[in-house]
Amino acid sequence: MKIEEIKAMCSRSFATHRATLIQNTDRYCIIDWRREDGSSNYYVNYIVDKARGSMIVSGDLGDSIATWYNALDPAKLKGYIYNDVDYYISKIQCSSDLYVYDEDDIVNEIKRHLDVSDVLEYVEESDRFYDEDELWEFIEGEVSDSVYGNNFIPSQELRDVIEEFDSDSWEWLSYCGRSVNLRVYLWAEGFYMACNQLGI
């Protein structure tokens, strides 16, 4: 999904949300972001520690703590995280799921990393796989067994086979098929929209 589509979907999700400023002192800015009918669907609470430079997100969309280690102005922060989600992720110290993994995307990325001629040569020289299709069926099965909820932890068998092609595969294999969880975009978009509603 393209970033424009993601942002449009986030905006639709928050179309009836209203921001409530709980506190705005020299030290803290606390905002509740909730549907105007009071429902907890997509409810988010934002706590910005202006002095410490951290933002705590909690609510129906999961939880996170991001830290910048310097004083923060919520009016500037909203733009930082809204305009660059990867930058926001780099500041997150702990969180419910930041990433999701798709099995088909994992297999496709593995294919992109491996040279076709190396795959064919491996199959010809190996007595483990009858043909290329059997190798890819094995890889697909191992990938399927290596996805746990929102995590991809390659099995030892998968790592062993992929290392036959690329001894440095440890650098990239566990990142295959990874994409940013939609909740992160929702946190950033919600904070931006809530601040704008409140005139921050």
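Residues numbered from 1 in each chain as written. Predicted model: local features only at pLDDT ≥ 70, side-chain atom pairs only at ≥ 80, totals over all residues. Heavy atoms only, no water.

With that settled, the discussion passes to the layout of surface pockets. Put simply, the largest pocket is a space of about 170 Å³. Taken together, M1, I6, S179, V180, L182 and Y185 form the lining of the largest pocket. Counting residues per element, the ones that place at least two in the lining of the largest pocket are β10 (178-180) and α8 (182-198). Looking at the lining of the largest pocket, its residues break down into five nonpolar, one polar and no charged. (1 Å grid on protein atoms, 1.4 Å probe; cavity = no way out; pocket = protein on both sides within 12 Å on 5 of 7 lines; lining within 4 Å. Points joined across faces, edges and corners; volume = space filled by probe spheres on them. Helix = DSSP H or I, 4+ residues; strand = E, 2+ residues; numbered from the N terminus. Nonpolar A, V, L, I, M, F, W, Y, C, P; charged D, E, K, R; others polar.)

Attention now goes to the packing of helix α5 (residues 116-125) against helix α6 (residues 132-146). Contact pair α5 / α6: the axes reach a minimum separation of 9 Å and the direction vectors enclose 100°. The pairing of α5 with α6 is recorded here as roughly perpendicular in orientation. Touching V119, L120, Y122 and V123 of α5 are E132, L135 and W136, all from α6. (Axes fitted to C-alpha atoms, helices over the stretch in contact; angles between N-to-C directions. Parallel < 35°, antiparallel > 145°, perpendicular 65-115°, else oblique. Contact = heavy atoms within 4.5 Å.)

What follows deals with the nonpolar core. Residues I31, M55, Y88 and F191 are the most contacted members of the largest nonpolar core, which totals 34 residues. Broken down by element, the residue count for this core peaks at eight residues, all from α8. Dropping the residues within four chain positions of it, M55 is found in contact with Y46, I47, V48, S64, I65, A66, W68, L77, I81, Y88 and F191. Within the second largest apolar cluster, 23 residues are counted, among which are V123, L135, V161 and W172. (Core = buried A, V, L, I, M, F, W, Y, C linked by side-chain atoms within 4.5 Å. Buried < 20%, exposed > 50% of the residue type's maximum accessible area, 1.4 Å probe, protein only.)

One ladder, built from seven bridges, connects strand β1 (residues 17-24) with strand β2 (residues 28-35); its direction is antiparallel. Residue pairing across strands places T20 opposite D32, the latter belonging to β2. When β2 meets strand β3 (residues 44-49), the two strands line up antiparallel, connected through six bridges. Each residue of the ladder has a partner; that of Y28, found in β3, is D49. (Pairing = 2+ DSSP bridges.)

Look at helix α4 (residues 103-113) against α6: their axes get within 10 Å of each other, and the N-to-C directions meet at 135°. Here α4 is positioned oblique relative to α6, judged by the angle of their axes. Handedness of the crossing formed by α4 with α6: right-handed. Two secondary-structure elements touch here, α4 through E103, I106, V107, I110 and K111 and α6 through W136, I139, E140, V143 and S144. Of the residues contributing to the contact of α4 with α6, the split by class is six nonpolar, one polar and three charged. (Left-handed = near helix turned anticlockwise from the far one by under 90°.)

Compared with an ideal rise of 1.5 Å per residue, which puts 17 residues at 24 Å, α8 spans 24 Å between its outermost C-alpha atoms and is within 8% of the ideal. Two residues or fewer after α8 comes G199, characterised by a positive phi angle close to 75°. (Expected span 1.5 Å × (residues − 1).)

Let us now look at the pattern of salt bridges. If you walk through the whole model with that rule in mind, you get three salt bridges. Among the ionic pairs, R27 bridges to D49, the shortest N-O distance being 2.7 Å. Placement of the pair is R27 in the loop between β1 and β2 and D49 in strand β3, with a sequence separation of 22 residues. Put simply, R35 and D37 hold a salt bridge, and the shortest N to O gap is 2.5 Å. (Salt bridge = Lys/Arg side-chain N within 4 Å of Asp/Glu carboxyl O.)

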